[in-house]
2 protein chains.
Amino acid sequence: METPWDHRYAQRTQRMGSSAIRELLKLTEKPNIISFAGGLPAPEIFPVDEFSKACERVLRDYGALALQYSTTEGYLPLREMIARHTARYGITITPENILITSGSQQALDILGKVLINPGDRILVESPTYLGALQAWNAYGAEYVTVPMDKDGMITNELEEALRTGPKFIYVLPNFQNPSGVTLSLDRRRQLLEMADHYGVPIVEDDPYGQLRYEGDHLPSIVVLDDQFRNNGDNHFRGNVIYLSTFSKILAPGIRLGWVIAPQEVIRRLVQAKQGTDLHTATFNQVIVHEISREGFIDRHINKIRKVYGERRNIMLESMDRYFPPEVDWTHPLGGLFLWGILPEYLNSADVLPDAVEQNVAFVPGKPFHPSGGGHNTMRINFSNATPEMIEEGIMRLGKVLGKRIGKKVAA
Amino acid sequence: METPWDHRYAQRTQRMGSSAIRELLKLTEKPNIISFAGGLPAPEIFPVDEFSKACERVLRDYGALALQYSTTEGYLPLREMIARHTARYGITITPENILITSGSQQALDILGKVLINPGDRILVESPTYLGALQAWNAYGAEYVTVPMDKDGMITNELEEALRTGPKFIYVLPNFQNPSGVTLSLDRRRQLLEMADHYGVPIVEDDPYGQLRYEGDHLPSIVVLDDQFRNNGDNHFRGNVIYLSTFSKILAPGIRLGWVIAPQEVIRRLVQAKQGTDLHTATFNQVIVHEISREGFIDRHINKIRKVYGERRNIMLESMDRYFPPEVDWTHPLGGLFLWGILPEYLNSADVLPDAVEQNVAFVPGKPFHPSGGGHNTMRINFSNATPEMIEEGIMRLGKVLGKRIGKKVAA
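Remember, it's a predicted structure, so these values are computed and weren't measured experimentally.

*Asks:* What should I look at first to understand helix H8 (residues 185-198) of chain A in this one?
*Replies:* Residue and element names in this part refer to chain A. For H8, spanning 14 residues, the distance from its first C-alpha to its last is 20 Å, which sits close to the expected 20 Å at 1.5 Å a residue. When H8 is considered as a whole, its buried residues turn out to be Arg187, Arg188, Leu191, Leu192, Met194 and Ala195. Directly after H8, the chain includes Gly199, whose backbone phi takes a positive value near 65°.

*Asks:* Which parts of the structure should I look at to understand helix H13 (residues 348-357) of chain B?
*Replies:* Two residues of an α-helix separated by three or four positions point the same way, owing to the 3.6 residues in each turn. Residues and elements named next belong to chain B. Every buried residue belonging to H13 is among Ser348, Val351, Leu352, Ala355 and Val356, and all of these are buried. Along the long axis of H13, the arc covered by the buried residues comes to 140°, so they all point the same way. If you check the start of H13, you find a side-chain oxygen 2.9 Å away from the backbone N of Ala349, and it comes from Asn347. Downstream of H13 by one or two residues, Asn359 has phi in the positive range, about 60°.

*Asks:* What exactly am I supposed to notice about the packing of helix H5 (residues 104-115) of chain A against helix H10 (residues 263-277) of chain A here?
*Replies:* Residues and elements named next belong to chain A. Where H5 meets H10, the axes come as close as 9 Å, and the angle between the chain directions of the two elements is 110°. Comparing their axes, H10 and H5 come out roughly perpendicular. As H5 runs across H10, the sense of the crossing is right-handed. Note on element contacts: H10 touches H5 through Arg268, Leu269, Ala272, Lys273, Thr276 and Asp277, opposite Gln106, Asp109, Ile110, Leu111, Lys113 and Val114. Classifying every residue of the contact of H5 with H10 by side-chain character gives 5 nonpolar, 2 polar and 5 charged.

*Asks:* Mind showing me how you'd approach the environment of Pro77 of chain A here?
*Replies:* Residues and elements named next belong to chain A. In this structure, Pro77 sits in helix H4 (residues 76-87). Under the relative-accessibility criterion, Pro77 is labelled partly exposed at 25%. The sequence separation of Pro77 and Gly199 amounts to 122 residues, and the corresponding C-alpha distance is 35 Å.

*Asks:* Would you take a moment to explain the environment of Thr72 of chain A for this structure?
*Replies:* All names here are of chain A. Its place among the elements puts Thr72 in the loop between helix H3 (48-67) and H4. For Thr72, a relative accessible area of 8% translates into the label buried. Distance in space between the C-alpha atoms of Thr72 and Pro324 is 52 Å, their sequence separation being 252 residues. When neighbours within four sequence positions are excluded, Thr72 is seen to be in contact with Leu99, Ile100, Val270, Lys273, Gln274, Leu278 and His279. One polar contact links the side chain of Thr72 to the main-chain carbonyl oxygen of Leu278, over a distance of 2.8 Å.

*Asks:* Got a minute to help me understand the pairing of strand S7 (residues 202-205) of chain A in this structure?
*Replies:* Each regular strand carries side chains that alternate between the two faces of the sheet. Residues and elements named next belong to chain A. By the alternation rule, side chains of S7 split into Ile202 and Glu204 and Val203 and Asp205, which are all buried. Pairing of strand S6 (residues 168-171) with S7 involves 3 bridges; the strand directions are parallel. Along S7, the bridge assignment pairs Val171 with Glu204. Across 4 bridges, S7 lies against strand S8 (residues 240-245) in parallel orientation. Paired with Glu204 across the bridge in S8 is Tyr242.

*Asks:* Teacher, can you tell me more about the packing of helix H12 (residues 296-322) of chain B against helix H14 (residues 387-410) of chain B here?
*Replies:* Relative orientation and spacing of two packed helices are given, respectively, by the angle between their axes and the distance between those axes. Residues and elements named next belong to chain B. Where H12 contacts H14, the two axes come as close as 9 Å, and the packing angle between them is 25°. Considering their axes alone, H12 and H14 lie roughly parallel with respect to each other. Handedness of the crossing formed by H12 with H14: right-handed. Across the interface between the two elements, Glu310, Arg311, Ile314, Met315, Ser318, Met319, Arg321 and Tyr322 from H12 touch Pro387, Ile390, Glu391, Ile394, Met395 and Gly398 from H14.

*Asks:* Would you mind going over the relation of the copies chain A and chain B with me for this structure?
*Replies:* Related by rotation about an axis and a shift along that axis, the two copies of the chain form a pair. Turning chain A through 180° and shifting it by 0.0 Å along the axis lays it on chain B, with an RMSD of 0.0 Å. In short, the pair behaves as if placed about a two-fold rotation axis. When C-alpha distances to the rotation axis are compared across chain A, the minimum falls at Cys55 of chain A, with a value of 3.3 Å.

*Asks:* Is there a simple way to explain the pairing of strand S9 (residues 257-260) of chain A in this structure?
*Replies:* Residue and element names in this part refer to chain A. The side-chain alternation of S9 yields two buried faces, one formed by Gly257 and Val259 and the other by Trp258 and Ile260. By the bridge criterion, 4 bridges tie strand S2 (residues 98-101) to S9 in an arrangement that is antiparallel. Residue pairing in the sheet places Ile98 in a bridge with Ile260 of S9. As defined by bridge partners, S8 adjoins S9 across 4 bridges and the pair is classed as antiparallel. What sits directly across from Tyr242, in S9, is Ile260.

*Asks:* Even after reading the chapter, I still don't get the state of the cysteines, so can you show me in this structure?
*Replies:* Every disulfide links exactly two cysteines, by a covalent bond between their sulfur atoms. Applying the stated rule across the entire model yields 0 disulfides over all chains. Unpaired in this structure, Cys55 of chain A has its nearest cysteine sulfur neighbour in Cys55 of chain B, at a distance of 3.9 Å. By relative accessible area, which is 1% here, Cys55 of chain A ends up buried.

*Asks:* Sorry, what's going on with unusual backbone geometry here?
*Replies:* Glycine aside, negative phi is the norm for most residues, and most peptide bonds take the trans geometry. Residue and element names in this part refer to chain A. Omega for the bond connecting Ser126 with Pro127 falls within 30 degrees of zero, at 5°, which places this linkage in the cis form. Locating Pro127 in the fold gives a position in the loop between strand S3 (121-126) and helix H6 (130-137). In this structure, Pro178 follows Asn177 across a cis peptide bond, with omega equal to 20°. Position of Pro178 relative to the elements: it lies in the loop between S6 and H8. One non-glycine residue, Phe175, adopts positive backbone phi at about 50°.

*Asks:* Would you mind showing me how to read the packing of aromatic side chains here?
*Replies:* Any two aromatic rings considered together are summarised by their centre-to-centre distance and by the angle between their planes. For the coordinates displayed, the defined rule picks out 19 aromatic pairs over all chains. Residues Trp136 of chain B and Tyr170 of chain B carry aromatic rings whose centres are separated by 4.9 Å and whose planes lie at 80° to one another, so their mutual orientation is edge-to-face. Placement of Trp136 of chain B in helix H6 (residues 130-137) and of Tyr170 of chain B in strand S6 (residues 168-171) is noted, with a sequence separation of 34 residues between them. With respect to burial, Trp136 of chain B and Tyr170 of chain B carry one shared label: buried. With centroids separated by 6.2 Å and ring planes inclined at 80°, the aromatic side chains of Tyr208 of chain B and Phe337 of chain B adopt a geometry described as edge-to-face. Highlighted residues: Tyr208 of chain B in the loop between strand S7 (202-205) and helix H9 (221-230) and Phe337 of chain B in strand S11 (residues 337-341), separated in sequence by 129 residues. An identical accessibility class is assigned to Tyr208 of chain B and Phe337 of chain B; each is buried. Members of the aromatic cluster, connected to one another through ring pairs, are Trp5 of chain A together with Trp136, Phe168 and Tyr170 of chain B. One Lys or Arg, Arg268 of chain A, reaches over the ring of Tyr9 of chain B and ends 4.0 Å from the middle of that ring.

What counts and what doesn't
Residues numbered from 1 in each chain as written. Chains lettered and ligands numbered in written order. Predicted model: local features only at pLDDT ≥ 70, side-chain atom pairs only at ≥ 80, totals over all residues. Heavy atoms only, no water. Helix = DSSP H or I, 4+ residues; strand = E, 2+ residues; numbered from the N terminus. Expected span 1.5 Å × (residues − 1). Buried < 20%, exposed > 50% of the residue type's maximum accessible area, 1.4 Å probe, protein only. Arc of directions from axis to C-beta. Polar contact = N/O pair within 3.5 Å; in protein donor to acceptor, adjacent residues only side chain to side chain. Axes fitted to C-alpha atoms, helices over the stretch in contact; angles between N-to-C directions. Parallel < 35°, antiparallel > 145°, perpendicular 65-115°, else oblique. Left-handed = near helix turned anticlockwise from the far one by under 90°. Contact = heavy atoms within 4.5 Å. Nonpolar A, V, L, I, M, F, W, Y, C, P; charged D, E, K, R; others polar. Pairing = 2+ DSSP bridges. Least-squares fit on C-alpha atoms with pLDDT ≥ 70 in both. Disulfide = S-S within 2.5 Å. Phe/Tyr/Trp six-rings, centres within 6.5 Å; stacked < 30°, edge-to-face > 60°. Lys NZ or Arg CZ within 6 Å of the ring centre and 35° of its normal.

Have a look at this one:
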């Protein structure tokens, strides 16, 4: 049906387009499929009872407050809680350094709105988080990429990218989406030194940092930066903007994330957020503050770690057993994803329809590479499917891959 | 404290700026003030018990669904409910014509993102909703304005504005924020005919349409347009995009609104929203669907009408009693606001500090006028304060205004 809106779309809607991946993922929406394609937490361990109790208490004791409009900055007791929590990792911030967002995706959107002029280059890892590209394409961002290996961004190749004058560096240091890879401590330090040398600030996106199943916690870049600049006085200096979320440690359906940034940046973000959605739902903020009291989140994180750690192990073991030797994959120390690398001659997007026919799905890796490449890679989620489904799904996927590789070898 | 972000803000942040009103409103944040400045619903009639029961049922019966990620379009049963509700007013839409948004403000932001190129003119009423200006300034909108009188936008002055080639017309036909004025039926028809003649589509913003305290419901512009184009077959044609919200009929702290638009527009809005916040909180959508079953919202609207209607009457009576004869005001048939008009020689922004000293507050009218003017106007809210506070506050405000006018007359 033709409407008068048809020829009225803004130019930027063209850049937001690339629905290739959306079309691909539509394939995966069929009943009984074992999907490793999404990034969904395991719903069976959502703390439903705790939510129920928190809703009851909040509506009984602060119903009018929880249902009313509130400030754009976010619910003060929640910001105070986040500031206290952040202090445990070694930096001192105040609630004025925090903005509550409607999920971490909104933090990316608002950062783009406040920082990115059309044509600005953003320095990103390749591959990088697709949602950041979607958010920033709308503001006309361009990208300069630095490749990764199994220790994260290859910092030896950073200098050339920094010479192009990027507006900021965007990095997911822990169990990266999509690759599952973690930036090593040495490289975190090297990244900071070079960013400092070139005067380019950093946006650190850390949705999974607390979901580690192996090895020791590594300090966040925001924490290392403050140590680096202050000889250990732990005062927040703000060269690194830090993003995180309650989506993976509590539940994503409440859409609650946060930004830590210098007060002047927060002031600008608040201005932009006010025009964007006035404020994040008061109700959700008060509920999450209520549920988080008395250490519940720490206990719940231990439970998540146990469940996801087991699923990761089963996936890795199943891959060892069922994947052809020509296929490689990363060994994530935490998070939700691992990354499959097929032989160069295979395009994972071509493999997907075969996999879907066998009722198993993944995300092809190419769209995560803003400078191209990655046609032979794939993102595989291990948090959502049960252990039995993981083994069954990896077996099916192994067969599909084996057939493709067999054909090539035979040809 | 200087940070590397300071010289990195995007050009558009300048346009988002205008914090004059924010600074003014900070004045009004003091304890014991009677504030007519905000647009807050009356918290004492929030349906807290119904929310509590709905939370309990939803978490018991669909906890995992309500806490999980969901589609960008919105929770299907909620969209189906809105489609059924819309049918009562005389147009047939499907859930594919609906996008659930994180409050109506987000609908404005995403419409701006999808439709507005820098320099595009948007035709607005003068005064118009400040939140729309805040949302669209970020996308480089410019404005062409049509003045209002007590029957809304003066459609006889529309043609000149239409000749400038605006991208779309933005109109709040019912109990407008800020003026409280309602667009008459004749003018609704005239607006449609002229928009049709010039081929300019319309965005109709209707947050208060159901909160009428006097007179008969007037058909929405989206409904009239379909009748106009279809000789009454009631099929949605999409020349008018319609926005509404649960903020005023249920509670604003849950941030839940919706857009009705042609499917192709919805498809584009969905793409933009995905990069903006992935989706609106699943939990909030499922709760509101649960609470809205069995006609609860209709019953609740009757209660709101009774309470706000009474407050409006008390405010009007108090103004009759306490305001100097030189001051004029609108007689709103519904909604949350009325509009005060001072003598030309008074600037309401200059009056505000005096009022705040007497512990009463309002919003100066100038910022609602994107083409200038309105220095002698003021927006006054009547939904939030109790009847006693309304009478007391209007008495204080009347004294402040009387003193100002007395000085001028004496001088």
